[in-house]
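Coordinate analysis (summary)
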Amino acid sequence: MEDMGVRILCPKPVIGRNEPGLQWLIGSPFFRDPLAVVSTFRCMHSAQPGRSIFSVDYAKESDDLRVILLKGFHVIGALVLRKDGDEVQIASQAVDAAHKIRKCLETDGFGKTSGKHGLIGAVADILSGDISFFVSCDGNGRNLKRASSVVYDTDPEQYVWETACLLHCKLPIRLPLYVPLEKKSSTSEIYSSVLEAAVANFKDSRLVCLIETSNKTCSEVPSPVIVRAQDFDSNINQPTGKLYGKAVQDTDVNLLSCSDFCLENKSKTKTFSAENADIVEVSLLLNRSHKSPESGAPFSTYFPVVEEIKLMVLEFNLDVLCYARRDLPLIYALPKLVIPGLIDQLTAMWKILFPDLLTSHHQLHPYQFNPPGVLHPIMTIYELSYGENETKQVEVRRSLHVRLGLPTDRPLLRISNALSFIEDSTGGSTRKKGPSILSDVHVGIPHSGVSGGVASLVQGSYEYHHYLQDGFDDSGWGCAYRSLQTIISWFRLQKYTSIDIPSHREIQQTLVEIGDKDPSFVGSHEWIGAIELSFVLDKLLGVTCKVINVRSGAELPEKCRELAMHFQTQGTPIMIGGGVLAYTLLGVDYNEVSGDCAFLILDPHYTGTADHKKIINGGWCGWKKAVDSKGKNFFLHDKFYNLLLPQRPDMV
């Protein structure tokens, strides 16, 4: 190996520094530096828990990595976080562990990892965080040399994405499974044969791939092209050049590369990221029609059933994403990336289904995510037969957070965080119908006027919901409903939930379902207050709320310190209600010495259009003092107030 230098792309090459552990170093065969580390995954499966960190359950670990890691990335080494010990010996063991996991990840010649560039063995000190990098030329731990150089890249996004694209393939599959009701012992054999038959279809020479770009709005969209499996060349090593001056459908498919379906970006300020990468869409078809050399009449064959059986139709919605260099030939990318990705995902789903196939009804769905701090997308499979807040689903996400080194106090891998490859025609609004809804309307408003005060504001984005939106007349009774919609929009935009903003009727139906209201409440114009809002938030989002009761408006300034602490620690909007009126509180400006304070009020009683200037100038969003300069009380002294403080869920 000529160059033994290591390039670090990921911002945090070490995940955590609390205890010793083994971590996989991820790279890509498509990087110009074969030993460039793009991410780090924590090893999660130990064969002997509590024993050596090198006691790895490689079968379980490789099963997980096949699901999580996009084709186009692979393990290029391992890092050990240690307290003591000889670092060369530890690095040697790390290389051996990386070599074993790579062998487990090889699949029948498809997507095999090559050891010609060696493997990295890295050792990090648990106290100082210093990392020593070693490289094995032959892919095992017996011939280690210290890395000749270690470069920490200053623009890793450009390095990863400037010459790369994503291949995306969605494929629904329905597989019939005939299960004998008496001979349960033969179920496993039948089950395996069905999987083998399905996998064989992916390697069938009659397989046909339709290739097209995902961006249909550009005027220079290349025409779709068909690539047949018989043209695949999984042994090709050198990419071909890009073709110019010809329509794609008139060219030899052997000369086509991914770049033929990527749109040239003429902007000099292009942002490099997975979200902005060109996406090549791949659709798979199996051409079973062919010309027969002999003519004949159609016929059918009857196979009598000798025992009672049960017919099950298994449905799989495969959704695979692959990383590739733009100049990679399609006849290489399809058999080496897309096809193995589909096979691995189908096999992973199959393994989830098999243990309780006859007793449970699984709803499996793959999702892709690009969490902050990770330079490339990752994939996972979620079970949709139970909700996102149920223990099983939470533990799956928590395990992924730990493996990827993500914080566990915010939702980063919920369904609402998943990458979407369908353009949002609604402009990103959380509502499906109606006009656009303004968000973050408090940004840029004048100062509160509190001298020496400290402003504590809502953290994150929200939408402004108010009277008469969506053509629905709730004037005079719907202010608390609108405040609730604003609060739920905050949880949506912070990715704690993916539910739609509930309508007034849906809010009422929720209260009826939990037994708080009679059925006649649905469709009525009855007011709701803080308690009802807390019930709905708990039912729809699993969010708990704190309720503060204030006997009069004169006592509200006494709660400023508590409210400021809420915005600093929780950051959620607050509903404040008194009598038949409700407002949304977005912040407080408080001077602890003088006691002077102001409240940032978002008023849901506004009935106008989505005109930001009109809303601010009209005082529908702005700072309100308990008593203004003219001695006028905003919060009435003879009115009882409730404040609803939604708590940020402490969940992944």
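Residues numbered from 1 in each chain as written. Predicted model: local features only at pLDDT ≥ 70, side-chain atom pairs only at ≥ 80, totals over all residues. Heavy atoms only, no water.

Right, let's get into the packing of helix α1 (residues 58-68) against helix α2 (residues 87-105). Relative orientation of the contacting elements α1 and α2 amounts to 65°, with a least axis distance of 9 Å. Between α1 and α2 the crossing geometry is right-handed. Packed against α1, whose contacting residues are Tyr 58, Glu 61, Ser 62, Leu 65 and Arg 66, the element α2 presents Ala 97, Lys 100, Ile 101, Cys 104 and Leu 105 at the interface. Looking at the contact of α1 with α2, its residues break down into six nonpolar, one polar and three charged. (Axes fitted to C-alpha atoms, helices over the stretch in contact; angles between N-to-C directions. Helix = DSSP H or I, 4+ residues; strand = E, 2+ residues; numbered from the N terminus. Left-handed = near helix turned anticlockwise from the far one by under 90°. Contact = heavy atoms within 4.5 Å. Nonpolar A, V, L, I, M, F, W, Y, C, P; charged D, E, K, R; others polar.)

The next point concerns the packing of aromatic side chains. Tallying each qualifying case throughout the model produces 18 aromatic pairs. For the pair Trp 490 and Tyr 496, a centre-to-centre distance of 6.0 Å together with 15° between the ring planes defines the contact as stacked. Looking at Lys 517, its charged tip hangs above the ring of Phe 521, at a distance of 5.3 Å from the centre. (Phe/Tyr/Trp six-rings, centres within 6.5 Å; stacked < 30°, edge-to-face > 60°. Lys NZ or Arg CZ within 6 Å of the ring centre and 35° of its normal.)

This paragraph deals with the sheet that holds strand β13 (residues 279-286). Strand order in the open sheet formed by five strands is β12-β11-β13-β10-β14, and the pairing between neighbours is mixed. Among the strands making up the open sheet, the edge pair consists of β12 (225-228) and β14 (309-325). The sheet shows a mean angle of 25° between the axes of neighbouring strands, direction not considered. One ladder, built from seven bridges, connects strand β11 (residues 207-213) with β13; its direction is antiparallel. Counterpart to Cys 209 in the pairing with β13 is Leu 284. (Pairing = 2+ DSSP bridges.)

On to the environment of Asp 319, then. As for its position among the elements, Asp 319 is in strand β14. Distance in space between the C-alpha atoms of Asp 319 and Pro 172 is 8.5 Å, their sequence separation being 147 residues. Excluding anything up to four places from it in sequence, Asp 319 contacts His 168, Cys 169, Lys 170, Gln 345, Pro 366, Gln 368 and Met 379. Separated by 2.7 Å, the side chains of Asp 319 and His 168 make a polar contact. (Polar contact = N/O pair within 3.5 Å; in protein donor to acceptor, adjacent residues only side chain to side chain.)

Quick look at the pattern of salt bridges now. In total, this model carries 21 salt bridges according to the counting rule given. Residue Asp 153 is joined to Arg 7 by a salt bridge in which the shortest nitrogen-to-oxygen separation is 2.7 Å. Linking Asp 153 in the loop between β9 (150-152) and α3 (156-161) with Arg 7 in strand β1 (residues 6-8), this pair joins segments that are 146 residues apart in sequence. A relative accessible area of 18% means that Asp 153 is categorised as buried. One salt bridge connects Lys 351 with Asp 63, and the closest N-O pair in it is separated by 3.1 Å. Of this pair, Lys 351 sits in helix α5 (residues 330-353) while Asp 63 is found in helix α1, placing the two residues 288 residues apart along the sequence. (Salt bridge = Lys/Arg side-chain N within 4 Å of Asp/Glu carboxyl O. Buried < 20%, exposed > 50% of the residue type's maximum accessible area, 1.4 Å probe, protein only.)

This part covers the environment of Trp 477. Counting through the fold element by element, Trp 477 comes out in the loop between β17 (454-457) and α7 (479-493). Judged by relative accessible area, Trp 477 falls into the buried class, the value being 7%. Along the backbone, Trp 477 and Trp 527 are 50 residues apart, and their C-alpha atoms lie at a distance of 5.6 Å. Not counting residues within four places of it along the chain, the set of residues in contact with Trp 477 comprises Tyr 467, Phe 472, His 504, Gln 508, Ser 524, His 525, Glu 526 and Trp 527.

With respect to burial, β11 is a largely interior element, six of its seven residues being buried. Relative to β12, β11 runs antiparallel, the two being bridged by four bridges. Bridging across to β12, Ile 211 finds its partner in Val 225.

To continue, consider the packing of α7 against helix α8 (residues 504-513). In a packed pair of helices, the relevant descriptors are the angle between the two axes and the axis-to-axis distance. Running from N to C, α7 and α8 cross one another at 90°; their axes reach a closest spacing of 10 Å. The orientation of α7 with respect to α8, classified from their angle, is roughly perpendicular. Facing Tyr 481, Arg 482, Leu 484 and Gln 485 of α7, the residues of α8 in contact are His 504, Ile 507 and Gln 508. Each residue belonging to the contact of α7 with α8 can be placed in one class, and the counts come to three nonpolar, three polar and one charged. (Parallel < 35°, antiparallel > 145°, perpendicular 65-115°, else oblique.)

Once that is clear, we can look at the nonpolar core. Counting 113 residues, the largest nonpolar core has Trp 24, Phe 202, Ile 211, Leu 284 and Phe 316 as the members making the most contacts within it. Among the elements that line this core, the one with the most residues is α5, at 15 residues. Dropping the residues within four chain positions of it, Phe 316 is found in contact with Leu 171, Pro 172, Ile 173, Leu 175, Leu 346, Met 349, Trp 350 and Leu 353. Listed in part, the 62 residues of the second largest apolar core include Tyr 464, Cys 479, Ala 564 and Tyr 583. (Core = buried A, V, L, I, M, F, W, Y, C linked by side-chain atoms within 4.5 Å.)

Turning our eyes to something else, we now look at the side chain of Gln 508. Looking at where Gln 508 falls in the secondary structure, it is placed in helix α8. On the basis of relative accessibility, which here comes to 1%, the residue Gln 508 falls in the buried class. At 3.2 Å, the side chain of Gln 508 and the side chain of Tyr 481 are in polar contact. Discounting chain neighbours no more than four positions away, the residues touching Gln 508 are Trp 477, Tyr 481, Phe 521, Val 522, Gly 523 and Ser 524.

So, to be careful, I would describe these as geometric facts and stop short of saying anything about function.
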